[in-house]
Amino acid sequence: MLTSNQSLKILLVEDEAADADLIGELLGDVYHTRFELKAVARLEQAIEFLQLEQFEVILLDLSLPDSKGLDTLIKVKEQVKTIPVVVLTALNDENLAIEAVRAGAQDYLVKGKFSEDLLIRSLRYAIERQRAEEANRQQAQRERLLSKIVDRIRQSLQLEEILQTTVAEVQQFLKTDRVLIYRCYDGCAELAARSPESGKILVEAMSANSCCGNTEALLNNLVLPWVCQQDSQWIQVLEDVNSQMSAEDLQTINCRQVKAVLTVPIWQTGEWKEQVNSIWEKEDNCGGEAKVIRENKPQLWGILTAHHCRSAREWQEWEIKFLRQLAAQVAIAIQQSELCRQLKLANQKLHQLATSDPLTGVANRRKFQQVLQQSWRLALKEQKLLSIIICDIDFFKNYNDYYGHLAGDACLQQVCQAIAKASKNTASVLARYGGEEFIALLLDYDLKTAIAIAEQMRQQVESLKLPNFQSSPNQYVTISCGVASTIPSVKLSVSSLIKSADVALYQAKALGKNCIYSTFYPPEVDYNSLRPILQINS
């Protein structure tokens, strides 16, 4: 809102000297109002001045030596869209006046037909209307941008992409040199200690000619120390860093290029906060499970900050409000991403529980059956070899009875690790098939190779030298293996391959244990006529 004693800078574009002098006299006698009038006679001169100086309003004659009619107004509006224009002309034409307003003029004054009061009122109204139009335009633009960001948050779960696009759009919208989002780890604890791990810049957007310099130093020494001293409503507004800070502080932050700063916090509210590994957690924090901590107050997640480097800047109220609204939406996006990540982790945990053996960590029988069905279809289609190795711990019931079930569990874990080591990079899947039975599936490995892998399994377990005084004739834990290979055909079934490996295991047990027995079934032979054709007794 204009005040009565506010100084107004006016550009008068008028080639008639008498008319220019008259306007000067009318504006010079106004009580409590000071006008700075700059008069030029040609449109070319006016455009030059508009590029060099800032004016509150333009008084424009439509008949100039270098431009005539509405083209004069159109050319001016192309140069300055936000400065109000009042047309000043000798043409008392209502249709022309309407066209001038449609072309962007705020008012249309006919020479010799207006008084001093009318001229002043017209100038003031023009400025107010233009400012109102500009405010409405900016408000609509802000709402569109905010709505766009909100839609993106609703439609996407890619937090990093959302944040990067957001800072880029805000940097262009505010016409500032840099906009960034800074992640604060562990709230205020490490900030207070000035820990080098207190946080990092996640995403940022800069103008092409940005020279903002040492932003990390600016954040650590100027912006972040304010954070923990304020409540959740605080906003840091620095319009002129050089004048609002001492020379000592400026030397400390070592970032003289930044002239103005606007910062708003990003809070995570709620009764819980979960500390887990993710792209937003510390890079050196590896391993471990999610840890949920109950919190009774908002937790500082980070800050959204804009830096202006070219000059000091008076941050407008709408800019502050816009950045606060944006920070609230970013907080929603963060929480949404966190919830989705937790759901993903929960689903992964459920999947792991459903498909793995809780004691040994390898696949369970259900997972093995799924992989076997898939591998069978692939081998049938491409006519590839498919082999199965079933391993059984010898005298394990006696081991359990003698050493106890806890020792039995430990034995199962060590044997499983030895078998996994022997079948690493060869088995499609290794699973615990029964109490003391393990089963491995080999795709595209011939019988000879499958036997060699089974022998490595047997040797690895034997090399553990786990005492088993209930084993005869050995005094250590050993395994027996049954190996079966085939090329799938429509005459055979998946269960036939498992049954043949189980029969081979039974034969290995019958031969004295701690050995391998193998079978190969040609795909053209019916299962009932199958007989083992090769055996190895170690």
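Everything below is about the structure printed above this text.
Once a new chain begins, its residue numbering starts again from 1 and follows that chain's sequence as written. The model is predicted, so local features are restricted to residues of pLDDT at least 70 and side-chain atom pairs to those at 80 or more, both for listing and for counting; the totals for chains, interfaces and linings are taken over all residues. Side-chain measures were taken over the full set of non-hydrogen atoms in the model, leaving aside hydrogen atoms and water.

A.B. asks: Mind showing me how you'd approach the overall build of the protein here?
C.D. replies: Only DSSP runs of H or I with at least four residues qualify as helices, and only runs of E with at least two residues qualify as strands; both kinds are numbered from the N terminus onward. Along the protein, the regular secondary structure elements total 16 helices and 20 strands. When a residue's accessible area, from a 1.4 Å probe over protein chains only, is under 20% of the maximum for its type it is buried; when over 50% it is exposed; and in between it is partly exposed. Out of the 538 residues in the protein, the part that is buried amounts to 47%. Sequence-distant contacts, at least 24 apart, represent 70% of the contacts inside the protein between residues at least 6 apart. Element-wise, carbon and sulfur atoms account for 49% of the exposed surface of the protein, whose accessible area totals about 27,600 Å². By definition, residues are in contact when any of their heavy atoms lie within 4.5 Å. Calculation of accessible area relied on Shrake-Rupley with a 1.4 Å probe; when residues are assessed, cover is drawn exclusively from the protein chains displayed.

A.B. asks: Looking at this structure, how should I read the sheet that holds strand 10 (residues 236–238)?
C.D. replies: Backbone-to-backbone hydrogen bonds join strands into a sheet, with any given pair of strands oriented parallel or antiparallel. What makes two strands pair is DSSP finding at least two bridges between them. What the five strands build is an open sheet, ordered 9-8-14-11-10; its pairing is antiparallel. Two strands in the sheet have a free side with no partner beyond their single neighbour: strand 9 (199–206) and strand 10. This sheet shows a mean twist of 15 degrees between the axes of neighbouring strands, independent of strand direction. Direction of pairing for strand 11 (residues 260–268) relative to strand 14 (residues 299–308): antiparallel, over a ladder of nine bridges. Each bridged residue has a counterpart across the sheet, and for Pro 265 the counterpart in strand 14 is Ile 303. Sheet strands in contact with helix 6 (residues 159–174) are strand 8 (178–184), strand 9 and strand 14, and its direction is about 50 degrees off that of strand 9. The angle between two axes is taken between their N-to-C directions and runs from 0 to 180 degrees, where each axis is a line fitted to C-alpha atoms and a helix contributes only its stretch in contact.

A.B. asks: Is there a simple way to think about the side chain of Thr 360 in this case?
C.D. replies: Considering the arrangement of structural elements, one finds Thr 360 in the loop between helix 11 (317–355) and helix 12 (365–382). Whenever a nitrogen or oxygen atom comes within 3.5 Å of another N or O atom, the pair is scored as a polar contact, on the condition that within protein one atom can donate a hydrogen and the other can accept it, and that pairs from neighbouring residues in sequence are kept only if both atoms are in side chains. Among the polar contacts listed, one links the side chain of Thr 360 to the side chain of Asp 357, at a separation of 2.6 Å.

A.B. asks: Can you walk me through the packing of aromatic side chains in this structure?
C.D. replies: Here a pair means two rings of Phe, Tyr or Trp (six-membered ring of Trp) with centres within 6.5 Å. Their orientation is stacked below 30 degrees between planes, edge-to-face above 60, and tilted elsewhere. What the rule picks out here adds up to six aromatic pairs. When the centroid spacing of 5.8 Å and the interplanar angle of 75 degrees are considered together, the rings of Phe 173 and Trp 318 count as edge-to-face. Residue Phe 173 is found in helix 6, and its partner Trp 318 is found in helix 11; the two are separated by 145 residues along the sequence. Residue classification places Phe 173 among the buried positions, given a relative accessible area of 11%. Look at Phe 368 and Tyr 433: their rings are 5.9 Å apart centre to centre, the planes differ by 75 degrees, and that puts the pair in the edge-to-face class. Separated by 65 residues along the polypeptide, Phe 368 in helix 12 and Tyr 433 in the loop between strand 16 (429–432) and strand 17 (437–443) bring together distant segments of the chain. When sorted by exposure, Phe 368 lands in the same class as Tyr 433, which is buried. Site record: aromatic cluster; members linked through ring pairs are Phe 396, Tyr 399, Tyr 402 and Tyr 403. To sit over a ring, a charge needs its Lys NZ or Arg CZ within 6 Å of the ring centre and within 35 degrees of the ring normal. Here Arg 365 stacks its cationic end above the ring of Tyr 433, 4.0 Å away from the centre of that ring. The ring of Tyr 476 is capped by Lys 465, whose NZ or CZ atom sits 5.1 Å from the centre of that ring.

A.B. asks: Could you clarify how one ought to interpret unusual backbone geometry in this entry?
C.D. replies: At Phe 395, a residue that is not glycine, the phi angle is positive and equals roughly 55 degrees. Looking at Phe 395, the relative accessible area reads 23%, which means it is partly exposed. Backbone geometry places Asn 514, a non-glycine residue, at a positive phi of 50 degrees. One can find Asn 514 in the loop between helix 16 (494–510) and strand 19 (516–521).

A.B. asks: Help me understand the pattern of salt bridges in this model?
C.D. replies: Proximity of charged atoms lets side chains of opposite charge pair with each other. Salt bridge, as applied in this entry: a Lys or Arg side-chain nitrogen positioned within 4 Å of an Asp or Glu carboxyl oxygen. Enumeration over the complete set of coordinates arrives at 17 salt bridges. A salt bridge links Asp 19 to Lys 111; the nearest nitrogen and oxygen atoms lie 3.1 Å apart. Separated by 92 residues along the polypeptide, Asp 19 in helix 1 (residues 17–28) and Lys 111 in the loop between strand 7 (107–110) and helix 5 (116–155) bring together distant segments of the chain. By relative accessible area, Asp 19 is classed as partly exposed at 24%. One salt bridge connects Asp 357 with Arg 432, and the closest N-O pair in it is separated by 3.3 Å. In this pair, Asp 357 sits in the loop between helix 11 and helix 12 while Arg 432 sits in strand 16, placing the two residues 75 residues apart along the sequence.

A.B. asks: Explain helix 4 (residues 94–102) here, please?
C.D. replies: In an α-helix, one turn spans 3.6 residues, which is why side chains three or four residues apart end up on the same side. Three or more residues of helix 4 are buried, namely Leu 96, Ala 97 and Ala 100. Buried residues in helix 4, looked at end-on, bunch into an arc of 100 degrees, giving them a common side. Residues of helix 4 that are exposed and angled more than 90 degrees away from the buried face: Glu 94, Asn 95 and Arg 102. Here the buried face of helix 4 lies against helix 3 (70–79), strand 6 (85–89) and strand 7. The N-terminus of helix 4 is capped by Asp 93, whose side-chain oxygen sits 3.0 Å from the backbone nitrogen of Asn 95. After helix 4 finishes, the residue Gly 104 shows a positive phi value of roughly 125 degrees. The directions from the helix axis to the C-beta atoms form the arc being described.

A.B. asks: What exactly am I supposed to notice about the sheet that holds strand 6 here?
C.D. replies: The five strands lie next to each other as 2-1-3-6-7, forming an open sheet whose pairing is parallel. Edge positions in the sheet fall to strand 2 (35–40) and strand 7, since each has one partner strand and no second. Neighbour to neighbour, the strand axes of the sheet diverge by 20 degrees on average, direction disregarded. When strand 1 (residues 8–13) meets strand 2, the two strands line up parallel, connected through six bridges. Its bridge partner lying in strand 2, Ile 10 is registered against Leu 37. Contacting strand 1, strand 2, strand 3 (57–60) and strand 6, helix 1 crosses the sheet at an angle of about 175 degrees to strand 2.

A.B. asks: It is not clear to me how the environment of Val 110 should be interpreted in this structure. Could you clarify?
C.D. replies: Along the chain, Val 110 turns up in strand 7. Note on Val 110: relative accessible area 12%, which makes it buried. Dropping the residues within four chain positions of it, Val 110 is found in contact with Thr 89, Ala 90, Leu 91 and Asn 92.

A.B. asks: It is not clear to me how the pairing of strand 15 (residues 386–393) should be interpreted in this structure. Could you clarify?
C.D. replies: Moving residue by residue along a regular strand, the side chains alternate between the two faces of the sheet. Counting buried residues in strand 15 gives eight out of eight residues, a clear majority hidden from the surface. Burial along strand 15 is two-sided: the face carrying Leu 386, Ile 388, Ile 390 and Asp 392 and the face carrying Ser 387, Ile 389, Cys 391 and Ile 393 are both buried. In this structure, strand 15 lies alongside strand 17, joined through seven bridges in antiparallel fashion. Looking at the pairing, Leu 386 lines up with Leu 443 of strand 17. Pairing of strand 15 with strand 18 (residues 479–486), which is carried by eight bridges, proceeds in the antiparallel orientation. Note that in strand 18 the partner of Ile 393 across the bridge is Ile 479.

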